[in-house]
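# Reading the structure
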Amino acid sequence: MSNKINKIGVLTSGGDSPGMNAAIRSVVRTCAYHKIECVGIYRGYQGMIEGDFTDMGPRSVNNIVNKGGTILKSARSTEFRTAEGRKKAHEQLLKANVDALVVIGGDGTFTGGLLFNSEYNFPIIGIPGTIDNDIFGTTHTLGYDTALNTVVECIDKIRDTAISHNRLFFVEVMGRDAGHIALNAGIGAGAEEILIPEEKLGLDRLLESLKKSKASGKSSSIVVIAEGDKIGKSVFELKDYVETNLPEYDVRVSVLGHMQRGGSPSCFDRVLASRLGVKAVESLMEGKSNYMVGLQNNKVELTPLEQAIKSKSEIDIELLRVSDIMST
Ligand code: F6P
């Protein structure tokens, strides 16, 4: 294969996130700017296996910068996990004369991309797209900022009814293995307590904290819980546990769920997507592969995909302290 890149394939894979469309637009338009052909691959790696491709030019991405979801659709492909599936995908790329890939998604997407590269030496650059913000090598993944704003808006509304009824609300937010959404949206929305997988609060401390809060004169409270953290209990079991041990509390549960993944991307996510898409295409043009483009100190930088997957994006412990002080 010659080093010159003539045609780039772009796909979105795994859980969608706001800003993915803005990233597709950026990849397509950067290709057009540099006179490189671009092909959109539908439904992530599954569409790659099936040859579900569409030629894309600058006009095929009109009016999507503001749209949530992904026009290329997304999937979590089990077939791509097999050697046979990846072989089929490679054949489809060769047939369509695609000679490099930009993959937009989370760690599952990058893991699949790296494996594919190790087998076929196919140039790949990753763009981090997940609301969870759990990727090493970038301070922000695409969709995280939008999701934070969505969660804060929802909790503000929940607070209205919590105050009116003197209730305690457990609000479960997304974040399969990471507490970034819970911690930051929790502080932004003025939560009494924030439960995240990175810090084991424990049931006793939760009860203590709720007692303290009542004694300090608070009549309603919000506890934000990352879905990855149940202190060994589901959020509904947690409600029962607290009501049994602190009968003075009238508890309600609100699981925000997939609404957190939808909606128009924030300005921050649109700008980030535009910057990352440019860097992804230009990195491929420079002959780079197996990197993720990400934001570090407000600069777009490259991180080896392997490191992006293996290292952990740590939560800021100082934020836990801030949250503690704010709930005084
Ligand atoms: O990884 C993003 C995410 O939204 C997680 O926060 C959540 O646990 C998961 O995806 C849900 O995935 P699905 O939509 O496949 O149920």
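Thresholds applied
- Residues numbered from 1 in each chain as written.
- Predicted model: local features only at pLDDT ≥ 70, side-chain atom pairs only at ≥ 80, totals over all residues.
- Heavy atoms only, no water.
- Domains from an automatic or database assignment.
- Contact = heavy atoms within 4.5 Å.
- Buried area = accessible area lost by both parts, 1.4 Å probe.
- Near = heavy atom within 4 Å.
- Polar contact = N/O pair within 3.5 Å; in protein donor to acceptor, adjacent residues only side chain to side chain.
- Areas by Shrake-Rupley, 256 points an atom, 1.4 Å probe, with all protein chains shown as cover.
- 1 Å grid on protein atoms, 1.4 Å probe; cavity = no way out; pocket = protein on both sides within 12 Å on 5 of 7 lines; lining within 4 Å.
- Sits in = over half its atoms within 2 Å of the grid points.
- Nonpolar A, V, L, I, M, F, W, Y, C, P; charged D, E, K, R; others polar.
- Helix = DSSP H or I, 4+ residues; strand = E, 2+ residues; numbered from the N terminus.
- Buried < 20%, exposed > 50% of the residue type's maximum accessible area, 1.4 Å probe, protein only.
- Core = buried A, V, L, I, M, F, W, Y, C linked by side-chain atoms within 4.5 Å.
- Points joined across faces, edges and corners; volume = space filled by probe spheres on them.

As a further point, take the domain arrangement of the chain. Along its sequence, the chain is organised into domain 1 (7-143 + 265-310) and domain 2 (144-261). Distance from the C-alpha centre of domain 1 to the C-alpha centre of domain 2: 34 Å. Contact with domain 1, which involves 18 residues of that partner, is made by 13 residues of domain 2. Taken together, both faces of the contact between domain 1 and domain 2 bury some 1,200 Å²; the carbon and sulfur share is 50%. Looking at the side of domain 1 facing domain 2, the largest losses of area belong to Ile131, Asp132 and Asn133, adding up to 43% of the total buried there.

A few words on the site of the ligand. Contacts to the ligand come from Arg76, Thr130, Asp132, Met174, Gly175, Arg176, Glu227, His258 and Arg261. At a separation of 2.9 Å, an oxygen atom of the ligand approaches a polar side-chain atom of Arg76. With respect to the ligand, the side chain of Glu227 contributes an N or O atom lying 2.5 Å from an oxygen atom. Protein coverage of the free-state accessible area of the ligand, which is 400 Å², stands at 75%. Counting atoms within 2 Å of the grid points, the majority share of the ligand lands in the largest pocket. Residues of the shell around the ligand, tallied by class, amount to one nonpolar, three polar and five charged. Two domains each donate at least three residues to the shell around the ligand, and these are domain 1 (7-143 + 265-310) and domain 2 (144-261).

Its identity is not glycine, yet Lys73 carries a phi of approximately 60 degrees, on the positive side. Here Lys73 shows up in the loop between β3 (53-56) and α3 (83-95). Under the relative-accessibility criterion, Lys73 is labelled exposed at 51%.

As a rule of thumb, soluble globular proteins bury nonpolar side chains together. In terms of nonpolar packing, the biggest core is built from 31 residues, with Ile8, Val27, Val102, Ile104 and Ile127 touching the most fellow members. Of all elements in the fold, only β1 (7-12), α1 (20-33), β4 (100-105), β5 (124-128), α9 (267-285) and β10 (291-296) reach the threshold of two or more residues within this core. Looking at this core, the element that brings in the most residues is α1, giving seven residues. Sequence-distant contacts of Ile104, defined by excluding residues within four places in its chain, comprise Val10, Leu11, Thr12, Ser13, Met20, Ala23, Ile24, Thr109, Ile127 and Leu142. Core analysis: the next-biggest nonpolar cluster, separate from the first, contains 28 residues, Leu148, Val171, Ala189 and Ile222 among them.

In this structure, the largest pocket occupies an estimated 630 Å³ of space. Together, 28 residues line the largest pocket, and Gly14, Arg76, Gly108, Thr109 and Arg176 are the ones closest to its centre. By residue number, the principal contributor to the lining of the largest pocket is helix α4 (residues 107-120), which donates six residues. Its residues assigned to classes, the lining of the largest pocket comprises six nonpolar, twelve polar and ten charged. Looking at which domains feed residues into the lining of the largest pocket, each of domain 1 (7-143 + 265-310) and domain 2 (144-261) supplies at least three.

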